[in-house]
Amino acid sequence: LMDLLGSADSDNDEMEDESLRSRRNKKAKFPAHLSEPEMNRQLKAGSLSQGIFRQSQYNRKSGSVLVAKSDNEMIKVVLDGYEAMNRAIEGDKVAVRIDKVVDSSLMDTNDDDIQEDETTKKSNQTVSGKVVGIIKRNWRQYCGSIAEEDINKPEKSDLVRFVAVDSKIPMIRIRTRQLDALSDKRIIVNIDSWDRFSSFPSGHFVRTIGTIGDRETETKVLLHEYDIPTREFSRKVLGCLPKEGKDWMVTEENSRGREDLRHLPVCSIDPPGCKDIDDALHVVKLENGNVEVGVHIADVTHFVRPGTAIDREGANRATSTYLVERRLDMLPGLLTTDICSLRGNVDRFAFSVIWELTPPNPAEPEEEVRIQNVKYVKSIIHSKAALSYGEAQAWLEDPTQKGELPDAVRMLNKIAKVLRKRRVEAGALTLASPEVRFKLDNDSHDPADVEMYQQKDANALVEEFMLFANITVAKRIVSRFPRCSILRRHPPPLSSMFDEFSAALKAVGLSVKVDTSKALADSLDSLARPETPFFNKLVRILATRCMQQAKYFCSGEFTPDEYLHYGLATPIYTHFTSPIRRYADVIVHRLLAAAEDIDPLPEEYENKESMRKISDNLNTRHHNAQLAGFASVSLYTVIFFRNKSVDALAMVSKVQETGKIVVFVPEYGIEGKINLVDDGEEVDTAVSFDSEKLTLVHKRSGSKVTIFDQVKVNLSVEKRTGRREKLVVELLEPNIRRAKRNLNGSAGKSVKKQKK
């Protein structure tokens, strides 16, 4: 249907029936699109270029397209104005005609709006252009609500405008006789067409989701917008589960061929209340003076066999999605929270990676914690305890607590610190993100409190061993299957990605080296201000945003030199440690089992094209799950600030020539944009901008704001027509009389079980 609609929209507009045009008696608002044959002819001749249209998140009048130039080099084509965008909608594949080279600093676009493929090299050249045709529409069903202006009109009309929650989507005209009933509702709308005589596309009402502002309604909206699967598992899927259900247990019959490790002091360390426990650890001293360390991962592939209904469902969902108050599982709950989960004091199946290591010994740093041997076994384990991070941290901080498990946790921590030190010396980055944790009311499930997420040694301990296992397994599977292994790469950032970050630091007399990950890591350490820990956190958050996205890929698609994971400073990496919640790990478990001659390699995995499609879906689903998590935190942030007016300290993270500043509020993990220019006021009249010092001076008050200044802000929720709410941030100090705008950034990541 979408293809048909796309064809209808780009259907030789210049040949539109004259009588129809005269009946409309309207002036065209957009140029006609080229006919499909003419567009294809010019594309083939090279007079047109093609790419995916990306609407600016910050400016409805601007968009961009990345088009291929040569040797994988890309040119950014800026589309300035509605006429230049010519009815393109976010995600459409478009044909563009390039006009001229422009100074991109004069264009109100943001590189964050460009979803650049990591395999391409971005050119410094920016050109302007115009959309002349739509190759393929990317229309979908949109969530949103009726425009407030149409609801508040004295004279009602059945022709109203729909405003999508996605700010990149234009308003859509729909007809409805239910305006009063829909005035405070979230609804779903389809686009039908967009002719060149209309300022907006035309569409139709599909269904109502619920009341605006209601927590359940808004959660349904964000799940829909990010295409998160929410349907119940089918009978066929559930039919793949063990017939014993919750009564399933390890028996001599179902565990033949497994190594029995139930005698080992195994324990897990997770967030409080965690039910889907993927991993557990053990350490024991060996008679030869070395130590044995084991990472035990839930053996999901024992229950999820290749090609079954449950396997196909897991492959499609690709990941579990973590929201503030719920988890949407990749696999049925019987597996994720029971049979596969490595809960305390029960026998479970695991896939274990077991190393023999030299012991920690600070006196001989070159010899300590070196791998002497490694083996991979399907096993039976019996976790002696399912610890929370807090419980493990208490053992680390109190050496007087003795016993097999407390001693083991402390030994694991010693080893983890050596591993971490070695990674950092190799150039691994310590980055940051604005993660927050909500405390929910037991009855209403509304947020009762919010705080920044704090990572301690217990968290780092687990993370370090998961990284160690992932790197070790990556090496093993590629050694056996160099053409069809699923790996995860993090390409080095382009130097241009650091331009804004470097300029911000230069404005306050600081500098950063970005030639290598080691140079960047050392620079970030040197920038630390012990007296201002907030500054240190913000600098690492801004550095994180300069990075490219890490992505899954098939090893046969790249050369070994391109396998690099830049952030972790390791030449090879994969995901093995979370098969309960990531399908990538399920694939890697099968690859490892085949490498160890435990199970045959699924035939599908030997096809490079098949593996490419799988990795593409993994990347899309992983990215969408992250965005849904961020949106959930944003929703709960608004709910938390209802009926509150809270003053808080913030730090300026961005200063713009347009008179806007961006502030980050560490206490709540919130980033918001504040406009120092009144509505209707000229920017040059209101403020002066120093591009070198990144300072705005508010002319009327004489107050000035500079990058990394600490300021005081007020946070509150503004109630509007039809139960609409917006979180707003107001600048209190320095005192500028009118500086209040809706929050334009987002709150930080939802807190969940975080493992790389």
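Analysis parameters
Residues numbered from 1 in each chain as written. Predicted model: local features only at pLDDT ≥ 70, side-chain atom pairs only at ≥ 80, totals over all residues. Heavy atoms only, no water. Helix = DSSP H or I, 4+ residues; strand = E, 2+ residues; numbered from the N terminus. Buried < 20%, exposed > 50% of the residue type's maximum accessible area, 1.4 Å probe, protein only. Areas by Shrake-Rupley, 256 points an atom, 1.4 Å probe, with all protein chains shown as cover. Phe/Tyr/Trp six-rings, centres within 6.5 Å; stacked < 30°, edge-to-face > 60°. Lys NZ or Arg CZ within 6 Å of the ring centre and 35° of its normal. Salt bridge = Lys/Arg side-chain N within 4 Å of Asp/Glu carboxyl O. Pairing = 2+ DSSP bridges. Axes fitted to C-alpha atoms, helices over the stretch in contact; angles between N-to-C directions. Left-handed = near helix turned anticlockwise from the far one by under 90°. Contact = heavy atoms within 4.5 Å. Nonpolar A, V, L, I, M, F, W, Y, C, P; charged D, E, K, R; others polar.

A. Inspection of the overall build of the protein chain at higher detail. Along its length, the protein chain carries 19 helices and 32 strands. The 756 residues of the protein chain split such that 54% are buried. As presented, the protein chain carries roughly 34500 Å² of accessible surface, and 47% of it is formed by carbon and sulfur atoms.

B. Region of the structure containing the packing of aromatic side chains. Under the definition given, this model contains 14 aromatic pairs. For the ring pair Phe 553 and Phe 558, a centre distance of 5.1 Å and an interplane angle of 85° mean the geometry is edge-to-face. The pair Phe 553 / Phe 558 is uniform in exposure class, with both members buried. Note on Phe 640 and Tyr 668: the rings are 6.1 Å apart at their centroids and 45° apart in plane angle, and the pair reads as tilted. Here the residue Phe 640 occupies a position in helix H18 (residues 608-641), and Tyr 668 occupies one in the loop between strand S25 (660-665) and strand S26 (670-675), the gap between them amounting to 28 residues. As far as the burial class goes, Phe 640 and Tyr 668 line up, both buried. Among the aromatic residues, ring-to-ring pairing joins Trp 248, Phe 303 and Phe 349 into one connected group. If you follow Arg 488 out to its NZ or CZ, it ends over the ring of Tyr 552, 4.5 Å from the centre. It is Arg 529 that lies over the ring of Phe 535; its NZ or CZ is 4.0 Å from the centre.

C. Structural detail: the pattern of salt bridges. Using the criterion set out here, one finds 44 salt bridges in the structure. Here Arg 161 and Asp 150 are joined by a salt bridge, their closest N and O atoms 3.2 Å apart. Within this pair, whereas Arg 161 is found in strand S7 (residues 159-164), its partner Asp 150 is found in helix H5 (residues 148-151), the two being separated by eleven residues in sequence. Judged by its relative accessible area of 5%, Asp 150 is buried.

D. Local environment of the pairing of S26. Taking burial as the measure, the six residues of S26 include six buried ones, the bulk of the element. Burial along S26 is two-sided: the face carrying Ile 670, Gly 672 and Ile 674 and the face carrying Glu 671, Lys 673 and Asn 675 are both buried. Here S25 pairs with S26 via six bridges, running antiparallel. Bridging from a neighbouring strand, Val 665 pairs with Ile 670 of S26. In sequence, S25 turns back onto S26 through a hairpin of four residues, with Gly 669 there showing a positive phi of about 65°.

E. Examining the packing of helix H12 (residues 404-426) against helix H13 (residues 457-480) more closely. Closest axis-to-axis distance for the H12/H13 pair is 9 Å, and the angle between their directions is 65°. Relative to H13, the crossing made by H12 is left-handed. On the side of H12, the interface is formed by Val 409, Leu 412, Asn 413, Ile 415, Ala 416, Lys 417, Leu 419, Arg 420 and Arg 423, while H13 contributes Asp 457, Leu 461, Glu 464, Phe 465, Leu 467 and Phe 468. Across the contact of H12 with H13, the residue classes tally to nine nonpolar, one polar and five charged.

F. Layout of unusual backbone geometry. Look at the link from Glu 733 to Pro 734: it is a cis peptide, with omega at 0°. Mapped onto the fold, Pro 734 is located in the loop between strand S31 (725-733) and strand S32 (740-742). With phi around 55°, Ala 569 is a residue other than glycine that occupies positive phi space. Within the secondary structure, Ala 569 sits in the loop between strand S23 (551-554) and helix H17 (583-595).

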